[in-house]
Every structure is written in structure tokens, then in C-alpha cells.
Amino acid sequence: MGNLTALVTARTSLGIEEKDYHKLAIMVSGEAHYSVERAAKIMGIKSENIIKVPVDDKCSIRSEFLEDIYQRAVSEGKIVFCVIGCACTTSVGAYDDLEAIADFAEKHQLWFHVDGAHGGAVIFSDKYRHLLQGIERSDSLILDFHKMMLVPPLSTAIIYNAGNRKVNEFSPKAAYLWQDQLSEEWYNSAKHTFECTKPITVLHTYAIMRLYGDDIYRQNVDTLYDLGKEFAEMVRRTKNMELALEPCSNIVCFRYAAAGIECDEVNRRIAEELLKDGSYYVVSTEVKGKYYLRITLMNPLTDRKCLERLIMKVQETAENLTLI
Ligand SMILES: Cc1ncc(COP(=O)(O)O)c(C=O)c1O
């Protein structure tokens, strides 16, 4: 809903005329969360105009391709109005180079949106804030408080850079709700969101910040992102285990990879066995065409021992499976 709101806002704020809606296109990393594509489709943007930019070895957008891809789209008569950066991707937790995307967006006067649903919270961390370099140049960003900010779902912020350009979200008429159609009325959330009736979802976050200050978010991000690196180190040091890539967040993708085994199939079965066992919740993903186990470290009370036991469990499960 956050990504959809941002895209609708971009379209309205840029003053795109309805007669041109069928030509509209967006550019986004091939690794972006599916909600971006879904939002674009809801808006009536054609599949071929949801332009997926290839990613590099780290699963970050190849920003050096942006210009050529844009020029090709323009030559085909498409109107690219928005480019989206991932901070970070859901599958492997990769951050796009937001500075490079901002340069590109600025050059062509595109709306620059950042999907920071998961990884935007590193803004609170001195250690990891650099991953968001360039985010201050975005026109809009979303941040899920229910991911890295310790509150139950659902609670998402959409933040506009009002200093950048005039933001115009929806312009509905509802005389029974507001007197003045044109004024900002920040307190009138129905002017800014899809829903008319809406709970005050930011209340949990507000309460946490009033009680503990935002240092609690620094601690949470530092703890969980450090733990991701620690887990990666454990995987690297363990025989017959490999990482999909070096994690830069608390999302880590790894797998059992002994010589001579059918890795994808064995790891698929490991995931099933772990799920049946119930002591760990390990999901899976595909990285560069290969099947990987995937963990997202969300609980700050998870410790090193717990992760060591997970590695042992994966190994034991794998050995039992490959012996059969
Ligand atoms: C990068 C990103 N964007 C958007 C979403 C969708 O968020 P929600 O699950 O709060 O709808 C997710 C969820 O995993 C995500 O990781």
C-alpha cells in the first residue's frame, strides 16, 4: 500500500495528463519486492512498462545500465516517470546505490522513490547508515515500523521530501469530511491515504520513541545486522556450507553444499525437515538461479549459540538425508 501510494503520488505530483497514462513506465531493480510490480499493475501500468533493471553479483541494481535502458524506453514511446531504489531487497537484503539512482533521476526529472520497508531503519545506526547514502535526495520513501522497529504489524510510514518538489497525493472531493478542498490539512489523513477510516498505526512507534528514545532502534539495527555478519562468518567456517553472497543486512542466504550432491534438491528437503522439526523457522529463496536457505534475524535476543545450533541442525539433517 505504501509503494502504491508513492507511485500514485508521483504520477499526480508530476502533473501527468490522463491521456498519457497508457504510456507510463517505471524502472526498478529486478530484485525489488513484488508489491512494486503489483502497485504498478493496479495503476494500469502495462507489464512491459514495468522495466526491470538487471542486478550485479551482490544483487544490487546495475546503475550503469540506467541511462541506456531509459533511452531505449523513451525511443519506444514510453514515459518513464519514476525510478525506484531498494533499501534493501527482500530476498537477500541487498542495498541499491541510491546516490547513483538519485543522479539519474535528477538528470531526467524523474520521481525517485525508495522502498525502505525493511532496511530503511538503518538510518538510526551510525554504523550502517552509510547503506542509505543518497536517500535524502529521494522524493518519497516507505518504512515499515513492523519490520526492524519492534512493533506489531501493520504500521508503515510514507515519507515525502517536500523540500524537493510539491507533493500532491490524491485530490478527492469529500465535503462531509473537510471544508477546504485545497489546503494541506495534515491532520486529515484521509487526504493522504487510501483508507478513510484508519487506526492510528503509528502509536506503538511513537510510544516506544517517547519511552526509550530512538537509541533503541540504533541498538536493534546494530545487534541484528552484526548478528547477520556473525552468522555468515560461521557458515563460511563450516565444512560443506556456503553463502549465496556476503550479507549486508540481517538477511542471510546459505546452503549445504557437499561435493557430489544435488544441492537444490537436498536443501529443499532440509527446509522441509526444519519446518517439520519446528525449532527454527528457515525459509528459502533463489539466488542466481540456485536454491538457498534464508534466515532473517529479527529477534534481538537471538544469540550466537542459537545460530551455532542451527548450523549443526542443518548439517545433521543434510547428512541424514544424503545417507538415505
Ligand atoms: C522491501 C519490501 N517492500 C515491501 C514489503 C511489503 O511489506 P508488507 O509485508 O508490510 O506489506 C516487504 C515485505 O517483506 C519488503 O521486504
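Summarised in this report is the structure supplied together with it. The structure displayed is predicted, hence computed values, not measured ones.

## What about the site of the ligand?
The environment of the ligand is made up of His 33, Ser 35, Cys 88, Thr 90, Asp 115, Ala 117, Asp 144, His 146 and Lys 147. Separating a nitrogen atom of the ligand from a side-chain N or O atom of Asp 115 is a distance of 2.7 Å. At 3.1 Å from an oxygen atom of the ligand is found a side-chain nitrogen or oxygen belonging to Lys 147. Isolated, the ligand exposes 390 Å² of accessible area, and the fraction of that covered by the protein chains is 72%. Grouping the amino acids of the shell around the ligand by side-chain chemistry returns two nonpolar, four polar and three charged.

## Focus: the sheet that holds strand 4 (residues 111-115)
The strand order 2-1-3-4-5-6 describes an open sheet built from six strands, whose pairing is mixed. One side of each edge strand has no neighbouring strand; the edge strands of this open sheet are strand 2 (50-53) and strand 6 (156-160). Going from strand to strand, the sheet's axes swing by 20° on average, the running direction of each strand aside. Strand direction decides the pairing type here: strand 4 and strand 5 (residues 140-144), joined by three bridges, are parallel. When the sheet's bridge partners are listed, Val 114 is paired in strand 5 with Leu 141. Along the sheet, helix 1 (residues 2-13) makes contact with strand 1 (24-29), strand 3 (79-86), strand 4, strand 5 and strand 6, crossing strand 4 at roughly 175°. Its contacts with the sheet place helix 4 (residues 98-108) against strand 1, strand 3 and strand 4, and it is angled at close to 165° to strand 3.

## What about the pairing of strand 3?
With seven of its eight residues buried, strand 3 lies for the most part within the structure. With five bridges joining them, strand 1 and strand 3 adopt parallel strand pairing. Within strand 3, the residue paired with Ala 25 across the bridge is Val 80. Relative to strand 4, strand 3 runs parallel, the two sharing five bridges. Residue pairing in the sheet places Val 83 in a bridge with Phe 112 of strand 4. In the classification by handedness, the crossover that spans strand 3, the intervening helix 4 and the parallel strand 4 is right-handed.

## Considering the packing of helix 6 (residues 203-212) against helix 7 (residues 215-237)
For the pair helix 6 and helix 7, interaxial distance at closest approach is 8 Å and the crossing angle is 100°. On the basis of the axis angle, helix 6 is roughly perpendicular to helix 7. Across from Thr 205, Ile 208, Met 209 and Tyr 212 in helix 6, the residues of helix 7 making contact are Asp 215, Ile 216 and Tyr 217. Its residues placed into classes, the contact of helix 6 with helix 7 shows five nonpolar, one polar and one charged.

## Points about the sheet that holds strand 7 (residues 241-243)
One open sheet accounts for four strands, arranged 7-8-10-9; its pairing is antiparallel. Two strands lie at the open edges of the sheet, namely strand 7 and strand 9 (283-287), each paired on one side alone. Within this sheet the neighbouring strands show an average axis-to-axis angle of 45°, counted without direction. Where strand 7 lies against strand 8 (residues 251-256), three bridges are found, and the strand directions are antiparallel. Residue pairing for strand 8: Glu 242 is matched across the bridge by Arg 255. Packed on one face of the sheet, helix 7 meets strand 7, strand 8 and strand 10 (290-296) and runs near 140° to strand 7. In the packing of helix 9 (residues 304-323) onto the sheet, the strands contacted are strand 7, strand 8 and strand 10, and the crossing angle to strand 8 comes to about 30°.

## Quick word on unusual backbone geometry
Residues Ala 87 and Cys 88 are joined by a peptide bond in cis, for which omega reads 5°. For the peptide bond that leads from Pro 153 to Leu 154, omega is -10°, which places it in the cis range. The residue Cys 59 is not glycine, and still its phi comes out positive at about 70°. Looking at the element boundaries, Cys 59 is found in the loop between strand 2 and helix 3 (66-75). If you check the backbone angles, Gln 109 has positive phi at about 55° while not being a glycine.

What counts and how
Within each chain, residues carry numbers counting from 1 in the order of the written sequence. In view of the model being predicted, local features appear only for residues whose pLDDT reaches at least 70, and side-chain atom pairs are presented and counted only at 80 or more, with totals across whole chains, interfaces and linings using the full set of residues. Hydrogens are left out, water is left out, and the side-chain values use all remaining heavy atoms of the structure. The rule for a residue being near a molecule or strand is that one of its heavy atoms must lie within 4 Å of it. Within 3.5 Å is the distance limit for a polar contact, defined as a pair of N or O atoms, with the added protein rule that one can donate a hydrogen and the other accept it, and that residues adjacent in sequence qualify only through two side-chain atoms. Throughout, the Shrake-Rupley method with a 1.4 Å probe supplies accessible areas, and for residues the shown protein chains are the sole cover considered. The nonpolar class holds Ala, Val, Leu, Ile, Met, Phe, Trp, Tyr, Cys and Pro. Asp, Glu, Lys and Arg form the charged class, and all remaining residues, Gly among them, are polar. Strand pairing follows a simple DSSP-based rule, namely that at least 2 bridges must link the two strands. Only DSSP runs of H or I reaching four residues or more are called helices, and only runs of E reaching two or more are called strands; each is numbered from the N terminus. Helix axes use the C-alpha atoms of the stretch in contact, all axes being lines fitted to C-alpha atoms, and the angles between their N-to-C directions lie in the range 0 to 180 degrees. Here, two residues are considered to be in contact whenever any of their heavy atoms come within 4.5 Å of each other. Burial classification: accessible surface area is computed with a 1.4 Å probe over protein chains only, and a residue below 20% of its type maximum counts as buried, one above 50% as exposed, and the rest as partly exposed. Crossovers are described as right-handed under a simple rule: with the strands pointing away from the observer, the path leading from the first strand over the helix to the second runs clockwise. Here the word oblique covers every angle except those under 35 degrees (roughly parallel), over 145 (roughly antiparallel) and from 65 to 115 (roughly perpendicular).

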